[in-house]
Structures are given as structure tokens and as C-alpha cells.
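# Structural overview
Read off the chains here:
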Amino acid sequence: SESIEKMPGIEWVKKQRRKLLKSNHEIYESRYGSLEAKKREPYAKIIPARHALSQVQIDGFTVPVYYDNDKSTWNKLILFVVLDSHSQKIVGYSMGEGEDSNLILSGLQDAVRNTGSLSAEIVGDNHSFNKTDESKYFKSALDSYGVRWTVSSNPQYKAILERKFKHINEHYFKNIPGWTGQGVRSKDKEGRPPQEYIDQYQKAGYRLTKDQVKMWVINCLDEYNKTVLKKFGKSPNEMYEQSEKPYAISVNLFERVKLFTKAVRVTVRRGQINIIRSGLKYEFQLNAELIHKYNNHEVLVRYEDLNQSIYLFDVKDNPLGEVKPKTGIHGAFVDQDETDRMNLLKNKGRIKGFKTKARKENEALTHPDAYLDMNPVKTSKDIIREFEENAHLRRRAEDNDIDLRYVTVGNE
């Protein structure tokens, strides 16, 4: 009879699978993904930056604490961090419900605001942000400063930040009420609190609010920055302050605003700019010099917080100045205090300065009174006829010392 080969058993199949997963990189990658596979690849030893702000690393991290939300009971905050590679100090960050373009730009802007500088290099992963219009505009602006934007899916390039996330989670976020652990892959026995503890903080009344979680995170990051790292014997704050910064690129207030904020075209009316957002009207009054130059002209406006100030640029995008919100003044005398009276005097001074600028400009003309001969405003014949034919209007004119015989007519 014909011989039949023995079919391999399930144990033999499992054994062969284990051998292939250990030895064959492509099979391992196809099963577990490229990110996991890269952890098995040979890697170069990366030496951290020698100076502060030579390089910063950026990435997002899910804070493992649920917060109370009307829409869902399963919300967690995303923390976006900008870490200085040399000092390992967190120089900027932002928090939100998703790692979108706004969160990334807010975190980067916070870093520039805190340091007053751009780093020579920004290292991030291949995030969808890199394909957005905001990213193209931002990277184009960075190019003009000579900043290098490095995108890499290799975790070795961001190894410092990855380790810091783990360290901060284990030593600082762990103290936040409702902390759910290091993640399902953690092999640490202390990497996950007891299930009873987790269950307790899923109940209504026990979960923190979003603002409370934010406050805890802010406190944790502040503690991390000022705590001594055993490896260096100094805190990240000390490492950063004591380091030279030869490659940091200084950025002033107006340059920072231009980097991160798109401009809005606005016409100056009556010496001020009005901006309406969400049904609220924000008023900003210019000084005498700006009123004289830009009243009834277009300017570019950028802002971070309308309750604080706006930043003015001319139409060629040259900075003009910062303008604070217009201060309200009590109209009733009995309601006015010293602040109101001071603001009234300032407003009178602004008007006087505006008029003085115009007068000095007229005096500089070859014929100082030339403006009196240009386009005189004269009363039209129609209004004169209306007063002549209407007895009531004629009487009111006489009461106000108007002699209709001598009112100038015509449009010359």
C-alpha cells in the first residue's frame, strides 16, 4: 500500500513559529509592526547634545489618569512635551484631548516663550502633523532661522525623551489620585495599582476634573525639573542654566508671534481696532503716533490672548508694537475713581498728541495753509432750499444765529 507521511502536530508548529519569530526579522515585523521590530535592530550609540538648546526632542504622552467628563467617563489628557536633549529639562509643554496640530504648536510656542530662543534642531516622529498646512507654514518659517527639523521613526533618536516619560510616569504621575499604572506591557509588579483602587476612581465623585489633572501634571513636571538626577548630580534646571548655549537662536516677542500665529487684516477706525470673537467685542486703542500713521488704514494683527494684548504689524509684516485692551471709564462722575480720572486724562493726551502730529505735518508744507484751500466742505443748495421753504427750520436756524444769506453753497 502507498505510504502516508505523518502530519506535524500542533506542538511542532508552535515550536517552528517561535524559532521563526526569533530569527526572521521580516516575519517578526509583519506580526508585531515596524515600531516593535525596530527595537530588535542594531543601533548606534547616540551621545546627547553638548549644549542646551542644541537639540530638543518632542513627543506626546497619554497621562494615565481618567478625568470626569460630561460626555464620557473614559477621557485622558494628552501631554505634549519639548525636552532639551543636553540638560533633560522640559522647556515647554501643552495639554489637550488629542495630539493635533494645535497641541503641537502650543507646546513648541510654550518652549520658545520660556527660553526666548529656538533650538538649532527639533527631533520628532513621523506624526500626521507633518502633512498639514500649519506644518508647512511653520517649517518654512523655521528654515528662515536655520532650524533643522528631523523626522525619524527610529526610537533611538528620541531615546532620552522616551526614558523621561517612563521616569516621570513612575516617580511623579504615580502620585496623582486615580493613576492607572505604567501600561499593560509593564512587567513591574508595582507598575499597576490594585484593581480596587482603579475601580474606586472610576466611580462618579471620585474622578478628578480635567483642570485638577492639569494642575497635578504641572506640579509633577515642575518637581521633575528641579529634582537632582542621580546620573548628573544636578537638577535639569541647574544643567540648563549652567550650560553655554552657542547654537540657541534668540527670538523676540514679535518674531515668536509671527512664527506661531497667522495674521488677520484689520482696518483702524477712530484710532482703535475692534475684534469680535464668540460674540464678545474686544477693543484696543492705539497711541497718538500709530493713530496718526494708520487711522483708516489696514494693519496686520496677531494675538495669543485677547484679554492680554494684540500685536500690530504693517501690511509688509513689519512689527509696529503691542497694544493693550482699551480700558473702560465710568461715565457718571459719582462713579469715577482716581483710575477713571487718570484714564480720561490719558485719552485727552492721546487726542492732543494725534492733533499735534497733524499740525506739525501741515507746518512742514511749503504753503502751511494749503490744506484750507483743498476740497473745502460746503453746504449743498438742496439743504439751503429746504430751510428757505420750511418756516420751522428757518426759525430754528435763526435761533442758532444762522443767517441763510451768508451760508456758502456749491461743491468746488
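Our structure's up above, just so we're on the same page.
Nothing here was measured: the structure is a model prediction, and the numbers come from that model.

Any two side chains of opposite charge can pair, on the condition that their charged atoms come close. If you walk through the whole model with that rule in mind, you get 12 salt bridges. Across the pair K226 and D222 runs a salt bridge whose closest N-O atoms are separated by 3.5 Å. With a gap of four residues between them, K226 and D222 both fall in helix 8 (residues 210–226), about one helical turn apart. One salt bridge connects R265 with E298, and the closest N-O pair in it is separated by 2.7 Å. Of this pair, R265 sits in strand 8 (residues 264–267) while E298 sits in strand 11 (residues 298–302), and the two are 33 residues apart along the sequence. Since its relative accessible area comes to 39%, E298 is described here as partly exposed. Where salt bridges share partners, they join D110, R113, R256 and E304 into one cluster.

Now for empty space enclosed by the protein. One pass over the structure, following the stated rule, counts two cavities of 30 Å³ or more. Reported here for the largest cavity is a volume of approximately 100 Å³. Of all the secondary structure elements, the ones that give two or more residues to the lining of the largest cavity are helix 4 (101–115) and strand 4 (117–118). With four residues, the top contributor of residues to the lining of the largest cavity is helix 4. Considering only residue class, the lining of the largest cavity consists of 11 nonpolar, three polar and no charged. There is about 90 Å³ of room inside the second largest cavity. Forming the walls of the second largest cavity are I58, D59, F80, E99, I104, G124, D125, H127, F129, N130 and W149. Across the lining of the second largest cavity, the residue classes break down as five nonpolar, three polar and three charged.

Definitions and limits used
- Residues numbered from 1 in each chain as written.
- Predicted model: local features only at pLDDT ≥ 70, side-chain atom pairs only at ≥ 80, totals over all residues.
- Heavy atoms only, no water.
- Salt bridge = Lys/Arg side-chain N within 4 Å of Asp/Glu carboxyl O.
- Helix = DSSP H or I, 4+ residues; strand = E, 2+ residues; numbered from the N terminus.
- Buried < 20%, exposed > 50% of the residue type's maximum accessible area, 1.4 Å probe, protein only.
- 1 Å grid on protein atoms, 1.4 Å probe; cavity = no way out; pocket = protein on both sides within 12 Å on 5 of 7 lines; lining within 4 Å.
- Points joined across faces, edges and corners; volume = space filled by probe spheres on them.
- Nonpolar A, V, L, I, M, F, W, Y, C, P; charged D, E, K, R; others polar.

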